Structure formats: C-alpha cells, structure tokens
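# Fold and contact review
Here is how the chains run, residue by residue.
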Amino acid sequence: MEARQVIDRTQIVYELLTAASPLATVIGDRAWNPVAHRSWNGTQKAIVFHQDGSDSHITGATNSAQFVFKCYGGDNTYTSSRVLFGLLYDRLQMASETVASGTIFTARLQSDNMLPPEPDTKYKAHMARFLINFEG
C-alpha cells in the first residue's frame with residue numbers, strides 16, 4: 001500500500017498569512033508557530049499561531065484543523081490588536097486558496113476575544129480560533 005503524503009497544515013497556514021495581502025503588508029514574515037521569535041519585543045505587528053486539534057477524512061485526502069491565532073498590534077493596545085484581528089479575519093474567513101504547500105478550501109471563524117495582558121510581558125493580544133479545511 002502506498003503511503004499518502006501528509007498535509008502540512010501549519011506550513012500552509014504560514015504561507016497563507018505571509019502571501020501578498022493587506023495582512024502580509026502589515027506583518028511581513030512575523031507569523032510564528034507556536035511561539036514568537038526571541039528577538040521580537042512587541043513593538044511590531046505580529047501573529048503567533050498554533051494548531052489546536054484536527055481530524056481527517058478516512059482517505060486522508062482532506063482534513064480540517066482548529067487553529068488559534070494571537071494578534072499583537074505592535075503598540076500594546078487592544079485597539080491595534082483588534083485592527084490586526086480584522087485583517088486576519090479578512091484574510092481567512094471563507095478563504096479558498098492554494099499555496100506552495102497545499103490548499104485551503106474553506107476557513108471560518110469559530111470565536112474571538114481579547115486576552116488579559118500576558119503575565120510576563122504585559123502584551124495585549126486579540127485571540128481568534130478558526131476551523132480550516134485542507135486538501136492534499
């Protein structure tokens with residue numbers, strides 16, 4: 001039996017976030033998984049994301065995953081974090097796009113909310129959870 005190629009969901013999401021779009025214009029390549037780069041000090045807009053569960057069609061040809069995104073606005077205000085969330089929403093909601101690593105055939109927001117300031121840095125983030133469907 002031939003092994004099926006595994007869908008690299010995290011890479012596909014990274015490529016979608018950083019591909020030419022209003023979101024990518026603002027964050028550049030500052031989309032990190034699962035934690036922010038050590039050199040980042042919160043003064044630039046960024047998104048930190050991770051996968052929070054998944055399932056697969058029996059053949060593995062399609063699958064879905066929940067991703068959590070933390071949006072940081074770069075000036076440590078909830079207003080700027082919400083604005084960045086708006087760009088993320090515009091980029092992902094109902095997305096249907098192919099990037100080098102694979103295809104997203106739909107995505108939808110499940111929830112979003114402001115997070116309390118982080119205990120160590122006091123950074124203020126807006127969190128969003130999306131359900132994303134992938135094709136291999």
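This report concerns the structure included in the present document. Since the structure is predicted, the reported quantities are computational estimates derived from the model, not experimental observations. (Residues numbered from 1 in each chain as written. Predicted model: local features only at pLDDT ≥ 70, side-chain atom pairs only at ≥ 80, totals over all residues. Heavy atoms only, no water.)

### Quick word on the nonpolar core
Most often, soluble globular proteins keep nonpolar side chains buried together rather than apart. Counted only if it meets this: Take the buried Ala, Val, Leu, Ile, Met, Phe, Trp, Tyr and Cys residues and link them wherever side-chain atoms come within 4.5 Å; each set so joined is a nonpolar core. Accessibility here uses a 1.4 Å probe with only protein chains present; expressed as a share of the type maximum, an area under 20% marks a residue as buried, one over 50% as exposed, and anything in between as partly exposed.
Grouped together as the largest cluster of nonpolar side chains are 26 residues, with contacts concentrated most on Phe69, Leu88, Ile132 and Phe134. In terms of nonpolar packing, the next biggest core, distinct from the first, is built from ten residues, Trp40, Val48, Leu115 and Met127 among them.

### What to know about the packing of aromatic side chains
Heads up, the condition is: Only rings of Phe, Tyr and Trp enter the pairing, Trp through its six-membered ring, and a pair is recorded when the two centres are within 6.5 Å. The plane angle decides the type: under 30 degrees is stacked, over 60 is edge-to-face, the rest tilted. Numbered from the N terminus, helices here are DSSP runs of H or I no shorter than four residues, and strands are runs of E no shorter than two.
Summed over the entire model, instances satisfying the criterion amount to ten aromatic pairs. Measuring from ring centre to ring centre gives 5.3 Å for tryptophan 40 and tyrosine 123, while their planes differ by 65°; the resulting arrangement is edge-to-face. Here tryptophan 40 is found in the loop between strand E1 (31–32) and strand E2 (46–56), whereas its partner tyrosine 123 is found in the loop between strand E5 (102–114) and strand E6 (125–135), with 83 residues between them in sequence. When sorted by exposure, tryptophan 40 lands in the same class as tyrosine 123, which is buried. With a centroid separation of 5.8 Å and an interplanar angle of 20°, the aromatic rings of phenylalanine 49 and phenylalanine 69 are classed as stacked. Of this pair, phenylalanine 49 sits in strand E2 while phenylalanine 69 sits in strand E3 (residues 62–72), and the two are 20 residues apart along the sequence. Here phenylalanine 49 matches phenylalanine 69 in class, with each residue buried. Counting every residue linked through ring pairs, the aromatic cluster contains Phe49, Phe67, Phe69, Phe130 and Phe134.

### Some details on the pairing of E3
Our working definition: Strand pairing follows a simple DSSP-based rule, namely that at least 2 bridges must link the two strands.
For E3, the tally of buried residues reaches eight of eleven residues, placing the bulk of the element in the interior. Two elements, E2 and E3, share nine bridges in a ladder whose sense is antiparallel. Along E3, the bridge assignment pairs serine 54 with alanine 65.

### Things to note about the sheet that holds E6
One open sheet holds the six strands; their spatial order is E1-E2-E3-E6-E5-E4, and the pairing between them is mixed. The open sheet has two edge strands, E1 and strand E4 (97–99), and neither has a second partner. By the bridge criterion, two bridges tie E1 to E2 in an arrangement that is parallel. From the neighbouring strand, tryptophan 32 faces E2, where its bridge partner is valine 48.

### Examining helix H3 (residues 78–92)
Quick note on the threshold: Under the convention used throughout, the expected extent of a helix is 1.5 Å for every residue step, that is, one less than its residue count. By construction, the arc corresponds to the directions joining the helix axis to the C-beta atoms.
The end-to-end C-alpha distance of H3, which contains 15 residues, comes to 21 Å, matching closely the 21 Å that a straight helix rising 1.5 Å per residue would cover. Listed in full, the buried residues belonging to H3 are Ser80, Ser81, Leu84, Phe85, Leu88, Arg91 and Leu92. All buried residues of H3 fall inside an arc of 145° around its axis, so they share one side. Residues of H3 that are exposed and point over 90 degrees away from its buried face: Thr79, Val83 and Asp90.

In short, the description is geometric, and any link to function would need to be established separately.
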